[in-house]
Amino acid sequence: MQLVKLILWSVIVLGSTLVSPVTFAEKSKLAEFEAEYTVNRFGRSLGIAKLSLAAEDENYRLNYYSKVSAFFLSDIRSETSLFSVKKDGDLHPISYAYSRSGTGRNKSTKIDFDSKDTNIIINQGEPINWQGELDNQLYRLDVQLKLAAGETEFSYDIINSRGQLRHYNLVVVGTEQLDLPFGMIEGVKVLFKRENSTRETIAWFSPQLNYQLVKLQQFKDDKEQGDIRLKSFKSDAISPAS
């Protein structure tokens, strides 16, 4: 089901509020949050996606969950990233897990990032050289950090949910006022470009919510596959009046 691929922001980015205005200068602290989105196609709601960030000892855990259904087809996905934040603000992956169930074949991926030996181990396979790649979720968090710092163009090497190396280029293309289930809100519009792919992703991040992802649309061969829109958001870094 092509629509289900929308969830690759898992898979959506969907990547999250990162840094509160008070703590941004410290760079090593992230604001915990919970966000929920509607998953839609042609104006019809087909399911939900949830994204949350929580501190865990000296690290952080980023969780994603989505459930989509259309007629007799269903798709349930989850992603979990365990990571740390260095003093300079860089995100440092520790482990990543992905699972997919529903119509069709179930799939799962487990990735460990070994900083001691600078290796990546995918599904308990042979170690491969780690050259600073992020996992399928963390680069989205880094997008928000870069937007908050005023950057407008950036690129990433990542290991995706299939355990494959990918390179993404991102560029800010403007700002828009968005009418979402969450309410009216401003969004910075970012275009995601993938090498050797007919898939195109456009995402909007809100300065009012610390550059949280608030909307995402995905296209393939110039045809829209669907979109996700922010429905609710909670974070101690954002007051209800914000």
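What you are looking at is a predicted structure, and each value in this text was computed from that prediction instead of being measured. (Residues numbered from 1 in each chain as written. Predicted model: local features only at pLDDT ≥ 70, side-chain atom pairs only at ≥ 80, totals over all residues. Heavy atoms only, no water.)

**Q** Is there a simple way to think about the pattern of salt bridges in this case?
**A** Close approach of charged atoms lets side chains of opposite charge pair. Evaluated as defined, the whole model comprises seven salt bridges. Here Arg61 ties to Glu56 by a salt bridge, and the two come within 2.7 Å at their closest N and O atoms. With a closest N to O distance of 3.1 Å, Arg229 and Asp227 form a salt bridge. Within the structure, one salt-bridge network assembled from shared partners comprises Asp75, Arg77 and Arg100. (Salt bridge = Lys/Arg side-chain N within 4 Å of Asp/Glu carboxyl O.)

**Q** Explain helix α1 (residues 138–148) here, please?
**A** For an α-helix the count is 3.6 residues per turn, leaving residues at separations of three or four pointing the same way. Burial within α1 is extensive, with nine of its 11 residues counted as buried. Leu138, Tyr139, Arg140, Leu141, Asp142, Val143, Gln144, Leu145 and Leu147 are the residues of α1 that are buried. (Buried < 20%, exposed > 50% of the residue type's maximum accessible area, 1.4 Å probe, protein only. Helix = DSSP H or I, 4+ residues; strand = E, 2+ residues; numbered from the N terminus.)

**Q** What should I look at first to understand the environment of Ile159 in this one?
**A** Along the chain, Ile159 turns up in strand β10 (residues 153–159). Residue classification places Ile159 among the buried positions, given a relative accessible area of 3%. Put simply, Ile159 and Asn136 are 23 residues apart on the chain and 6.0 Å apart in space, counted from C-alpha to C-alpha. Contacts of Ile159, omitting those with residues within four sequence positions, involve Ile111, Ile120, Ile122, Glu133, Leu134, Asp135, Asn136, Gln164 and Leu165. (Contact = heavy atoms within 4.5 Å.)

**Q** Please explain the environment of Leu82 as it appears in this structure.
**A** Topologically, Leu82 is positioned in strand β4 (residues 73–85). For the pair formed by Leu82 and Leu62, sequence separation is 20 residues and the distance between their alpha carbons is 6.6 Å. Apart from the residues lying within four places of it in its own chain, the contact partners of Leu82 are Glu56, Asn59, Tyr60, Arg61, Pro93, Ile94 and Ser95.

**Q** Teacher, can you tell me more about the pairing of strand β5 (residues 91–102) here?
**A** Successive side chains on a regular strand alternate, one facing one side of the sheet and the next facing the other. As judged from the 11 bridges shared by β4 and β5, these two strands associate in the antiparallel manner. When the bridges of β5 are listed, Ile76 appears paired with Ser101. One ladder, built from six bridges, connects β5 with strand β6 (residues 107–114); its direction is antiparallel. Directly across from Tyr98, in β6, lies its bridge partner Thr109. What sits between β5 and β6 in their antiparallel hairpin is a turn of four residues, with Gly104 showing a positive phi close to 90°. (Pairing = 2+ DSSP bridges.)

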